[in-house]
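Summary of structural features
Spelled out from the first residue to the last, the chains are:
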Amino acid sequence: MLVEAAWAAAKAPGPLHAFFVRIRARRGLQIAAVALARKLTVLCWHLLTKEEDYLWARPALVANKTRAMELQAGLPQKKGNRRGTTYTYNVKELRDLERQLAEQAERSYEHTVETWKTRRPRNGVRECLNSAGHD
């Protein structure tokens, strides 16, 4: 199930897509899908333990999906003249703006990876590992 979720995340614009593309270029399609599934698992764990929302979530899309689940679960329909929380998802300009923000997040991730500089571990870390019996 996690790999299926990873395939869906790989198709949507955002930092997870950029991660998938980066790993796919280096290691291949299947390994990239499993790596993204693991990243999704770790991301979910951190979001749940820290009780935070996903930074790059698309609010209108989330509201639309949440309302669809509520209706499917049997909650009553809201009737009247007031617009509901999912109205913004029906406005193409706002939906496109959210998509642009997700693509901007993807480019930001790509830039971070491009400027990434690996550093050697400090000597203290290596000495601690050697004294503990690790190589």
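Here we summarise the structure given alongside this text.

What counts and how
Residues numbered from 1 in each chain as written. Predicted model: local features only at pLDDT ≥ 70, side-chain atom pairs only at ≥ 80, totals over all residues. Heavy atoms only, no water. Buried < 20%, exposed > 50% of the residue type's maximum accessible area, 1.4 Å probe, protein only. Salt bridge = Lys/Arg side-chain N within 4 Å of Asp/Glu carboxyl O. Helix = DSSP H or I, 4+ residues; strand = E, 2+ residues; numbered from the N terminus. Arc of directions from axis to C-beta. Contact = heavy atoms within 4.5 Å. Expected span 1.5 Å × (residues − 1).

1. Quick look at unusual backbone geometry
Unlike most non-glycine residues, Glu51 shows phi in positive territory, near 50°. Owing to a relative accessible area of 73%, Glu51 belongs among the exposed residues under this scheme.

2. A look at the pattern of salt bridges
Scanning all chains against the criterion turns up three salt bridges. Across the pair Arg58 and Glu98 runs a salt bridge whose closest N-O atoms are separated by 3.9 Å. Residue Arg58 is located in the loop between helix 3 (29-50) and helix 4 (59-73), and its partner Glu98 is located in helix 6 (residues 92-114); the two are separated by 40 residues in the primary sequence. Glu98 matches Arg58 in its accessibility class, with the two residues each being buried. Between Lys92 and Asp96 there is a salt bridge, with the nearest N and O atoms lying 3.1 Å from each other. Within this pair, Lys92 and its partner Asp96 are both found in helix 6, separated by four residues, close to a single helical turn. Lys92 gets classed as partly exposed once you look at its relative accessible area, which sits at 49%. By relative accessible area, Asp96 is classed as partly exposed at 31%.

3. What about helix 1 (residues 2-11)?
All of the buried residues along helix 1 are Ala6, Ala9 and Ala10. Burial along helix 1 is one-sided: seen end-on, the buried residues are contained in an arc of 100°. In helix 1, those exposed residues whose orientation departs by more than 90 degrees from the buried face are Glu4 and Lys11. On its buried side, helix 1 packs onto helix 2 (15-27) and helix 3.

4. Digging into the environment of Ala10
Note that Ala10 resides in helix 1. On a C-alpha basis, the gap between Ala10 and Ala32 in space is 9.3 Å, while along the polypeptide they are 22 residues apart. If near-sequence neighbours (up to four positions away) are discounted, Ala10 is found in contact with His17, Phe20 and Leu36.

5. Quick word on helix 4
With 15 residues, helix 4 should cover 21 Å at 1.5 Å per step; its first-to-last C-alpha distance of 21 Å lies within 8% of that length. The set of residues buried in helix 4 consists of Ala60, Leu61, Ala63 and Arg67. Projected onto a plane normal to the axis of helix 4, the buried residues spread over an arc of 165° and lie on a single side. For helix 4, the exposed residues set more than 90 degrees away from the buried face come down to Lys65, Met69, Gln72 and Ala73.

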